[in-house]
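Spelled out from the first residue to the last, the chains are:
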There are 2 protein chains.
Amino acid sequence: MKLVQSTILRILFANTFIILSTLKWFFLAIIAGVLVGGVSGVFLKTLDYGISQASMIPLYYLAIPAAFMVSLYLVRRFAPDARGHGTEKVIESLHKKDGEIDTRVIPVKLFATLITLIAGGSAGKEGPCAQIGAGVASTAARIFRMGPINRKRFVLCGISAGFSAVFGTPIAGAIFAGEVIYVGKFSYRELMPALIASYFSFFVTKNMGVTHLIYQIDFDITNEIALVFNMLFLGIIIGIVAIFFIYVLYGIERTIEKIPLGGYTKAFWGGLFLVLVVFFTGSLDYVGLGTHVIDHALAGNAVAPESSLLKMITTSITLGSGGSGGILTPIFFIGATAGNIWAQLVGGNLALYSAVGMCAFLAATTNTPLAAILIAIELFGVDVGSYGSIACIVSYLIVGHMSVYPSQVLSENKT
Amino acid sequence: MKLVQSTILRILFANTFIILSTLKWFFLAIIAGVLVGGVSGVFLKTLDYGISQASMIPLYYLAIPAAFMVSLYLVRRFAPDARGHGTEKVIESLHKKDGEIDTRVIPVKLFATLITLIAGGSAGKEGPCAQIGAGVASTAARIFRMGPINRKRFVLCGISAGFSAVFGTPIAGAIFAGEVIYVGKFSYRELMPALIASYFSFFVTKNMGVTHLIYQIDFDITNEIALVFNMLFLGIIIGIVAIFFIYVLYGIERTIEKIPLGGYTKAFWGGLFLVLVVFFTGSLDYVGLGTHVIDHALAGNAVAPESSLLKMITTSITLGSGGSGGILTPIFFIGATAGNIWAQLVGGNLALYSAVGMCAFLAATTNTPLAAILIAIELFGVDVGSYGSIACIVSYLIVGHMSVYPSQVLSENKT
């Protein structure tokens, strides 16, 4: 017994440094999580309130062209770094500026995204949360006088905390942050701080009254082998849709760039295009966040066959012409509807295919298969996550080295 | 619509290679999974039968010394590569021989482990399944004339399939295989084949009647913040216990090596030591697989304060003196009892702490935090996995760069 005690004391002594550094990052991550959760909570609550108020105004979506112009003005005038969809900008700053992010990005991104989304721009709320989170973290890192390595780690906590603030999935948030910076490499070093930041951001937003949804997907596992093959084919289809989306996204962005008109004029026409989509489809499904369509698909209802394509176009035009916002909510929309449409074609379970389609599309477009598996588990339960994992990994392979985040650095070839 | 169709056709055409290579590996992985699942199933069924028969013989454990000697003889005479605990040998062969494994390892490891475990040696059944699985995969790779890169990937499918054959956790199996070869690096390239092999091995063993347990752990989430901190402390404790175990394991192994006696004599004395443990403790808890103790701890019962330490010693002596077997089941035993004992000291929930302790101890001793999180989710559900993830990552950090698998290659420092 004496020997055991003295050995344990020796271990404690020899590993003091590791234990202290773990504790240090544990507490720094709590700070990051609470800060980012707080700011994200304010953003999300305001967004919810704004959307519910706007929806009561008839023809509110006529404001989209003006909203894009204002959003573009805010970004150009006060913080050019706040341009683009959020997560992409954070990845770029991590690779090119050691995680330095201008503090002005925080309010500018917050207001520009609120204006874009409340009016009816088609974009997401996760990217801005990640970007605002990273901005908060980077600012705090400056105040604490952190060096570049610590700052980068702290900023990664911001991505993770932003993700889990929006989706309420702490593990997926941490793993997303560990996966999204590189293609084919997982950042183990940042896993613990990212996870703790993720948890505290989740707690803070939950206590602020932000609601995170958990879905119940019921499906039959009578024929496991058939299910595995169905997931393979769903993964291939989703992978192809992902490549198509990346083409559409950057094709439209480049086309808009080449048009010889001023930025505000393009923002106006871009916004007008979305108004026309509402007018011609007679529905509000393809503007705004579109979460009601995701819910509809996940509840096992059939969606319109054109829904994925239309959402790709409205999202690409929103982000390409001046609107501000993220890309993950549109990715969830396109993935869920694509899975749903495929299920209609092959006679699959609509709810299951929508849920798996959504996660596999995330895996493919952002190169984050592990985060996609975890989000499937955290949102839909172990069974969906378990079989869905096959589709997530297959679609991740099919998409090759393309990405909606061009700043992702390829660390290792996929095959 | 024409444009959409032609773009999709172009994508299909341009990505034919990726799609075909994905399909090729999908089917190769099915072959690996079915082969490994079949052999593992035979091994596991025979083991169960043997253990149930042996338990009916009074004083059956008196055969341990003879069993160690026979086991040592089999390995020395027919396949020296079958020495040691299974997974470690596979990792070594992947790093040093491009995954070449002698076919004779399969039957030798199978029989030597059956003899060791049925008599009452303290070791695990996962390692041999992984080693047998890797041997089957390597043999199949020779028959298919695969090159070194493909063979290594195929052998990794063997590890994954062996893991999920034993524990019935397909995702954790695949992620374990992707994590265990290096420290601080995840092998994304092998994820899809490993996952598919894992599933098919799971299906095959399930259909052969191998039972995989799923536990129900009930715990209160009234104070989330307190729970996070409790998981932090549990992670630190488990990390320290892990370092201690690695010292004990290799300390006893080296001590036995230095004793100037013949191998069979040492095997005899090693076996006799285990018999004496049974005699002095008056219990069969520290010999054999010990799954009943794991079940007892996970059901929320208090275990004896000396149980983790005694199991460390019996396992180290079994593996060090000539017994054949794996190390994961002992790791689960030690982790679950250590968590349980800690819960008794601090007044924690015994079932929860045992479950999390088991997974966190796996994360620390084998450097596989993601696999540990997934095994927690697959065995105990999303809630345990979610909070348990904190302990898993913390213990993984605390252990530093030590490992029960000395062949693991350090790819990136942890901090």
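Residues numbered from 1 in each chain as written. Chains lettered and ligands numbered in written order. Predicted model: local features only at pLDDT ≥ 70, side-chain atom pairs only at ≥ 80, totals over all residues. Heavy atoms only, no water.

Helix and strand counts for chain A stand at 17 helices and two strands. Each of the three principal axes of chain A carries a C-alpha extent, and together these read 80 × 60 × 40 Å. Relative to its 415 residues, chain A shows a buried fraction of 64%. Taking contacts inside chain A between residues at least 6 apart in sequence as the whole, the part at least 24 apart equals 81%. A total accessible area of about 14600 Å² is found for chain A, and carbon and sulfur atoms account for 65% of it. On chain A, the mean spot of the 26 positive side-chain charges and the mean spot of the 21 negative ones are 13 Å from each other. (Helix = DSSP H or I, 4+ residues; strand = E, 2+ residues; numbered from the N terminus. Buried < 20%, exposed > 50% of the residue type's maximum accessible area, 1.4 Å probe, protein only. Contact = heavy atoms within 4.5 Å. Areas by Shrake-Rupley, 256 points an atom, 1.4 Å probe, with all protein chains shown as cover. Lys, Arg positive; Asp, Glu negative; His and termini not counted. Charge placed at Lys NZ, Arg CZ, Asp CG, Glu CD.)

Let us now look at the packing of helix H2 (residues 16-54) of chain A against helix H6 (residues 126-143) of chain A. Residue and element names in this part refer to chain A. In the contact formed by H2 and H6, the axes pass within 9 Å of each other and the chain directions differ by 140 degrees. When the axes of H2 and H6 are compared, the pair comes out oblique. Note that H2 runs across H6; the crossing there is right-handed. The residues of H6 that touch H2, namely those facing Leu35, Val36, Val39, Ser40, Phe43 and Leu44, are Pro128, Cys129, Ile132, Gly133, Val136 and Ala140. Here the contact of H2 with H6 is composed, by residue class, of 10 nonpolar, two polar and no charged. (Axes fitted to C-alpha atoms, helices over the stretch in contact; angles between N-to-C directions. Parallel < 35°, antiparallel > 145°, perpendicular 65-115°, else oblique. Left-handed = near helix turned anticlockwise from the far one by under 90°. Nonpolar A, V, L, I, M, F, W, Y, C, P; charged D, E, K, R; others polar.)

What follows is about the interface of chain B and chain A. At the junction of the two partners, chain B supplies 65 residues and chain A supplies 65 residues. Summed over both sides, the interface between chain B and chain A buries roughly 6100 Å², with carbon and sulfur atoms accounting for 78% of that surface. It is Ile11, Tyr188 and Arg189 of chain B in chain B that bury the most area against chain A; as a group they hold 12% of the surface buried on that side. Inspection of the region where chain B meets chain A yields two salt bridges. In this structure, Glu224 of chain A engages Lys206 of chain B in a salt bridge whose closest nitrogen and oxygen atoms are separated by 2.6 Å. Summed over the shared surface of chain B and chain A, the number is eight residue pairs in polar contact (both at pLDDT 80 or more). Contributions of two or more residues to the side of chain B that touches chain A are made by helix H1 (2-14), helix H2 (16-54), helix H8 (170-180), helix H9 (191-207), helix H10 (224-258), helix H16 (369-380) and helix H17 (382-398) of chain B. When residues of the side of chain B that touches chain A are assigned to their parent elements, the largest contribution, 11 residues, is made by H17 of chain B. Looking at side-chain class alone, the side of chain B that touches chain A contains 44 nonpolar, 11 polar and 10 charged residues. (Buried area = accessible area lost by both parts, 1.4 Å probe. Salt bridge = Lys/Arg side-chain N within 4 Å of Asp/Glu carboxyl O. Polar contact = N/O pair within 3.5 Å; in protein donor to acceptor, adjacent residues only side chain to side chain.)

Our focus in this paragraph is the nonpolar core. Core analysis: the biggest nonpolar cluster contains 321 residues, and Phe380 of chain A together with Ile159 and Phe380 of chain B have the highest contact counts within it. Beyond its immediate sequence surroundings of up to four residues, Ile159 of chain B is in contact with Val90, Leu94, Glu126, Ala130, Phe176, Ala177, Val180 and Ile181 of chain B. (Core = buried A, V, L, I, M, F, W, Y, C linked by side-chain atoms within 4.5 Å.)

Once the charged atoms of two side chains with opposite charge are near each other, the side chains can pair. All names here are of chain A. Enumeration over the complete set of coordinates arrives at 13 salt bridges over all chains. Two residues, Lys152 and Asp98, come together in a salt bridge whose shortest N-O distance is 3.9 Å. Here Lys152 is found in helix H7 (residues 148-167), whereas its partner Asp98 is found in the loop between helix H4 (86-97) and helix H5 (105-119), with 54 residues between them in sequence. For Asp98, a relative accessible area of 32% corresponds to the partly exposed category. The residue Asp102 makes a salt bridge to Arg104 at a minimum N-O spacing of 2.9 Å. Where salt bridges share partners, they join Glu100, Arg142 and Arg151 into one cluster.

For the match of chain B to chain A, the screw axis carries a shift of 0.0 Å, the RMSD comes to 0.0 Å, and the turn is 180 degrees. On the angle and the small slide along the axis, the relation comes out as a two-fold axis. The rotation axis passes nearest to the C-alpha of Phe186 of chain B in chain B, at a distance of 3.0 Å. The fraction of interface residues of chain B whose copies in chain A are also interface residues reaches 100%, indicating that both copies meet through the same surface. (Least-squares fit on C-alpha atoms with pLDDT ≥ 70 in both.)

On to the domain arrangement of chain A, then. Residues and elements named next belong to chain A. Segmentation of chain A into domains returns domain 1 (16-207) and domain 2 (224-410). Inter-centroid distance (C-alpha atoms) of domain 1 to domain 2 is 21 Å. Facing the 50 residues of domain 1 at the interface are 51 residues of domain 2. Buried area between domain 1 and domain 2, both sides added, is near 4200 Å², and the carbon and sulfur share of it is 69%. Where domain 1 touches domain 2, the interface holds 20 residue pairs in polar contact (both at pLDDT 80 or more). Every element with two or more residues in the side of domain 1 that touches domain 2 is listed here: H2, helix H3 (64-78), H4, H5, H6, H7, helix H8 (170-180) and strand E1 (182-183). (Domains from an automatic or database assignment.)

This part is about a nonpolar patch on the surface. Taken together, the side chains of Ile31, Leu35, Ile143 and Phe144 of chain A present a nonpolar region at the surface, about 370 Å² in accessible area. Secondary-structure assignment places Ile31 of chain A in helix H2. (Patch = residues over 30% accessible without salt bridge, like charges linked within 9 Å, V, L, I, M, F, W, Y side chains within 5 Å.)

All right, on to the packing of helix H15 (residues 350-366) of chain B against H17 of chain B then. All names here are of chain B. Where H15 meets H17, the axes come as close as 8 Å, and the angle between the chain directions of the two elements is 40 degrees. The angle between H15 and H17 places the two elements in the oblique class. Considering the relative orientation of H15 and H17, their crossing is right-handed. Mapping the contact onto sequence places Leu352, Ala355, Val356, Cys359, Ala360, Ala363 and Ala364 in H15 and Val384, Gly388, Ala391, Cys392, Ser395 and Tyr396 in H17.

Our focus in this paragraph is helix H16 (residues 369-380) of chain A. Residue and element names in this part refer to chain A. Given a rise of 1.5 Å per residue, 12 residues ought to cover 16 Å, and the 16 Å separating the end C-alpha atoms of H16 matches this to within 8%. Burial analysis of H16 places 12 of its 12 residues in the buried class, which makes it a mostly covered element. Every buried residue of H16 is accounted for by Pro369, Leu370, Ala371, Ala372, Ile373, Leu374, Ile375, Ala376, Ile377, Glu378, Leu379 and Phe380. In the segment just after H16, Gly381 is the residue with positive phi, at about 100 degrees. (Expected span 1.5 Å × (residues − 1).)

Residues and elements named next belong to chain B. What the rule picks out here adds up to zero disulfides over all chains. Its sulfur unpaired, Cys359 is 5.5 Å from the next cysteine sulfur, which belongs to Cys392. What makes Cys359 buried here is its relative accessible area of 1%. (Disulfide = S-S within 2.5 Å.)

Of note, Ser164 of chain A is situated in helix H7. If near-sequence neighbours (up to four positions away) are discounted, Ser164 of chain A is found in contact with Thr169, Pro170, Ser198, Ser201, Phe202 and His212 of chain A.

The next subject is the packing of aromatic side chains. On inspection of all chains with the given rule, the structure shows 40 aromatic pairs over all chains. Pairwise contacts between aromatic rings join Tyr199, Phe200, Phe202 and Phe203 of chain A together with Tyr387 of chain B into one cluster. It is Arg10 of chain B that lies over the ring of Tyr247 of chain A; its NZ or CZ is 5.7 Å from the centre. (Phe/Tyr/Trp six-rings, centres within 6.5 Å; stacked < 30°, edge-to-face > 60°. Lys NZ or Arg CZ within 6 Å of the ring centre and 35° of its normal.)

On to the environment of Val409 of chain B, then. The topology assignment puts Val409 of chain B in strand E2 (residues 409-410). Spatially, the C-alpha atom of Val409 of chain B lies 9.2 Å from that of Val180 of chain B, the residues being 229 residues apart in sequence.

Turning next to the environment of Thr337 of chain B. Among the structural elements, Thr337 of chain B can be located in helix H14 (residues 328-346). With residues up to four places along the chain from it excluded, the contact list for Thr337 of chain B reads Val293, Val303, Ser307 and Ser308 of chain B.

All names here are of chain B. Inspection of the secondary structure puts Gly86 in helix H4 (residues 86-96). Along the chain, Gly86 and Ser324 lie 238 residues apart, while their C-alpha atoms are 8.5 Å from each other. Not counting the four nearest positions on each side in its chain, Gly86 is found in contact with Lys109, Gly127, Pro128, Gln131, Gly325 and Gly326.

On to the side chain of Ser395 of chain A, then. All names here are of chain A. For Ser395, the position within the fold is in helix H17 (residues 382-398). Residue Ser395 is classed as buried on the basis of its relative accessible area of 0%. In this structure Ser395 touches Gly235, Ile238, Gly239, Ala360, Ala363 and Ala364, once residues within four positions along its chain are discounted.

As a further point, take unusual backbone geometry. All names here are of chain A. Backbone geometry places Leu59, a non-glycine residue, at a positive phi of 55 degrees. One can find Leu59 in the loop between H2 and H3. Unusually for a residue other than glycine, Asp98 sits at a positive phi of about 50 degrees.

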